Amino acid sequence: MRDFLESAVIGFNSFVIIYFLALNSLYLVIVLIAARAQRRAQRMSSETALEDLFANPLTPGVSVLVPAYNEEPSIVSSVHSILDLRYPQLEVVIVDDGSTDGTFDVLQQEFELQASTRVAAGVVETVGTVNSVHISRDGQIVVIRKENARRRGDALNVALEYSRYPLVCMIDADSVLEKDALMHVVRPFVDDPERVAASGGAIRPINGCPTERGMILEKRLPKAWAPRIQVVEYLRSFLLGRVGWSAFNGLMIISGAFGLFRRDLVQQIGGMTADSLAEDADLVNGLHYRLRKEKQDYRIVFVPHPVCWTEVPENLKILSRQRRRWSHGLLEVLWRFRAMIANPRYGRMGMLVLPYYLVFELLTPIVEILGLICLPMGLAFGILNWQAAVLYALVAIGYGILLSVVAIAVDDVSYKTYRRWKDLGILLVAAFLENFGFRQLHAFWRLRGLWSGIRGSNAAWGEMPRVGFKDTSGAATN
Amino acid sequence: MTTATVLLIAATLNLVLIIALSLSTAVWKARRERRARRHEEELAQLRPVMMRYLATWEDGDAHDLADILIAYRGVTTSFEELVAGLLPKLRGADRSMLVDILRRRGTIEDARMGTLSRLPVRRYRAVELLGAAGVSEGIPEATRLLGDRNTDVRLAAVRALGRIGTAEAAAGLLEHLDSEEALKHPIPPHPVTMALLRIGTDATDALVRSLEADSVEVRTICAEVLGVLGVYPAVSGLQVRARVDPSVSVRLGAAHALGRLSMPSSVDDLTAMLRTEEEVEVIAAACTALGRIADPASLPPLEQAVAHEHPTVRVAAAMALVAFGDTGLDRLREIAQQDAEGGDAAREVLARNSIATNTTPLISY
């Protein structure tokens, strides 16, 4: 019996090590592909192209869709940030999804909204009843008040129904955008109009950055370690990871915080899946599914410029809720699009991207938690000695840190977002600290999310309490 | 080799790589900051010389300054880098003088040679410079690069031709787009429209000629650009395109252009489009165009279009009626009271109009 237990524990620990070596090596390859793509893009970047985009009267208009549920602290700032964008033709369609706070009141007061009416496209199904429509004097801002259907996807579908321009930009109500954000994400559409179906922008945590009227004055790191660690995570996964996947048209997720889509294509797939917890990933995969099925030549592009800043959870309770929702959402998406997995008909998406997300994203918390259980078990039963246990842990953790350091290095060389020396030091320390406590908690949260997904429990999109931005103008942003 | 030894080697290797990469990043950052400081210092020295030159060359006593600029060799800042930032801001003779300095430094010739480089980055930079300088001797090089295998280089060549801005550049651009080579290495229409708009009236002849081009893309581009440029002699050609062109995008571009040109002679063709056209976007564009022309003859067909089955057309037609002033608004109010199709669009447009003009809405919603 002991022999069996011994070989089981050693065998599983070896499996865990191989699994994490494979996971981190794959990610390292993706990050290196991203670095190469980024270097090339930087060497052939052109300010003139952006100027031309702005000056051209034929540049396509963009409807910015903002679903808002209890966003009173940040909604005005966000709308100002959208209106201040440098873009020739845009409208903002905000859906107040049954907020119970003063979200609508602050909007009405700030933008002098008046009751109006608007014809819906009548293409996409929606759930929550629309109560009223309000517009600003210049017609650039449209606010739709509707009953809460407990789904962000439904709020976005309503916004889609009432939008008018050929491109729709979906953003979170607490997002703060760079001045040229829209120009950067629209550019792929005008440079390759036949093929580009969607483009996503790079998202960065805003915590710690002083802002004024929805504009970032200085890019700084957050004060607390939990959001600092999330900055490293965002660099590794949401920036370089996505640049890497995008390089071979394998982008599975465009963050709901900032993504641009062709309106007609979103309508063709029936809009967002209203009851999905990961409506952003669901939409992107819906596009992949349809366009690959129809054998169309298309591209879904990621724009690595830092274009969108969003508040990340500062307290662990909220972070835990967010990560559980992500994990649950990923399971939903993979289940919904299971027909694509390992199906050569769907090309790289079917044969590489979705299997990767299944094996190395969805199942990682199971392997990680089992590994965390097996290691002390092995020690307790004397199957593993301390030296071996420490070495196992060092290799697994060390490779993870190395990956984060590569991401920090690529970011510093390519984007130079954080100028202060202190920030570079903090990021390196955060890359180290992430592996002691945060990562294990993260695995646990994801496992819980996975479990709730398997049980099919009902989770809704709800408010994420905001700490608020540091607005130096003195305006109340929280 | 035991498992423990392998693990020990792997852990040590990780540690070494982490430290090495962290240090390299720090060194890179320090070098970048030092370089940025030196760059600023060099710019601070070079900028006043350049400004003095631009301020005094007309007096004819700036030969020394010109010699300094021609001989300038920076460590971190090239003369071309500084000029690339300045050129778009200069006009007329100042710009020509600066381009002359570039020519005498051999920069223009180098750029022309650079367009032949094996490296896409070099070809890209070379054609960007030719465009920024706006020198007509760059037209053959830029036209050749329209067929480059690298997309970024092709787009830079389009922008360069737009900035060089002559009839020859416009003709070269449109001829290339209508050729078979353009099918092999396609160029998106949006940058082309901007290039042609930059060229402006010099592009008119080539645009009118190309309304008959084989390529759908070229005809669409020409229709749209002719409308934006306000080329009235093109109206009859655009009316023909709106009537008979088999391509939806060309008919759409023609409808946009006819609206922009707002000639009453287009009313018949546009109202005919409301009856015969099947594409929603084109019908909506025809409604908008009729609103811009605001000819009383188009009131009845627009009223009918307010009851169209597609909301895009309904709203476009209702908005077009607003352009007719009180007559159009009265018709919209009548439609708004009805429960039939079109009432919703009429109510929306009336509400928007009353909010925009700060008047009391005459309907309830």
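What counts and how
- Residues numbered from 1 in each chain as written.
- Chains lettered and ligands numbered in written order.
- Predicted model: local features only at pLDDT ≥ 70, side-chain atom pairs only at ≥ 80, totals over all residues.
- Heavy atoms only, no water.
- Helix = DSSP H or I, 4+ residues; strand = E, 2+ residues; numbered from the N terminus.
- Expected span 1.5 Å × (residues − 1).
- Buried < 20%, exposed > 50% of the residue type's maximum accessible area, 1.4 Å probe, protein only.
- Arc of directions from axis to C-beta.
- Contact = heavy atoms within 4.5 Å.
- UniProt positions renumbered as here; feature names shortened; annotations may be inferred.
- Buried area = accessible area lost by both parts, 1.4 Å probe.
- Salt bridge = Lys/Arg side-chain N within 4 Å of Asp/Glu carboxyl O.
- Polar contact = N/O pair within 3.5 Å; in protein donor to acceptor, adjacent residues only side chain to side chain.
- Nonpolar A, V, L, I, M, F, W, Y, C, P; charged D, E, K, R; others polar.

J.: Provide a residue-level description of helix α20 (residues 326–337) of chain B, including the pertinent values.
T.: All names here are of chain B. With 12 residues, α20 should reach 16 Å at 1.5 Å per residue; the first-to-last C-alpha distance of 17 Å fits that figure. Inspection of α20 places Gly328, Leu329, Leu332, Ile335 and Ala336 among the buried residues, and these make up the whole buried set. Burial along α20 is one-sided: seen end-on, the buried residues are contained in an arc of 120°. In α20, those exposed residues whose orientation departs by more than 90 degrees from the buried face are Asp326 and Gln337. Where α20 is buried, its residues touch α19 (311–322) and α21 (343–357).

J.: Please set out the UniProt feature "transmembrane region" (unreviewed entry) in chain A residue by residue, giving values where relevant.
T.: In the numbering adopted here, UniProt assigns the feature "transmembrane region" (unreviewed entry) to residues 12–35, 354–383 and 389–410 of chain A. Between the C-alpha atoms that bound residues 389–410 of chain A the distance is 32 Å, and the span itself is 100% helix and 0% strand.

J.: Please give an account of the environment of Val231 of chain B that cites residues and values.
T.: All names here are of chain B. Counting through the fold element by element, Val231 comes out in the loop between α13 (216–229) and α14 (235–244). With relative accessibility at 8%, the residue Val231 sits in the buried group. Residues Val231 and Thr204, 27 residues apart in the sequence, show an inter-C-alpha distance of 7.2 Å. Val231 has contacts with Thr204, Val208, Leu226 and Leu261, leaving out every residue within four places of it along the chain.

J.: Please provide a residue-by-residue account of the interface of chain A and chain B, values included.
T.: In many reports, interface size means the accessible area that the parts give up when they come together. Facing 53 residues of chain A, the contacting portion of chain B comprises 52 residues. Of the roughly 4,400 Å² buried at the junction of chain A and chain B (both faces included), carbon and sulfur atoms supply 66%. Here Asp412 of chain A and Lys29 of chain B are joined by a salt bridge, their closest N and O atoms 3.8 Å apart. If you look at where chain A meets chain B, you find 13 residue pairs in polar contact (both at pLDDT 80 or more). Every element with two or more residues in the side of chain A that touches chain B is listed here: α1 (2–43), α2 (47–55), β3 (114–116), α6 (181–191), α13 (386–414) and α14 (421–455) of chain A. With 14 residues, α13 of chain A is the single largest residue contributor to the side of chain A that touches chain B. Partitioned by chemical class, the residues of the side of chain A that touches chain B number 30 nonpolar, 10 polar and 13 charged.

J.: Before we move on, could you go through the pattern of salt bridges and cite the residues and values that matter?
T.: All names here are of chain A. Throughout the structure, instances matching the rule amount to 45 salt bridges over all chains. With its nearest N and O atoms 3.0 Å apart, the salt bridge here joins Asp192 to Arg299. A residue pair is termed long-range when its members are at least 10 positions apart, and Asp192 in the loop between α6 and β8 (196–205) and Arg299 in strand β12 (residues 299–310) qualify at 107 residues. Using a relative accessible area of 14% as the deciding quantity, one classes Asp192 as buried.

J.: Report on unusual backbone geometry, specifying residues and quantitative values.
T.: Although it is not a glycine, Lys295 of chain A adopts a positive phi angle of roughly 55°. Of the residues examined, Lys295 of chain A reaches a relative accessible area of 68% and is grouped as exposed.

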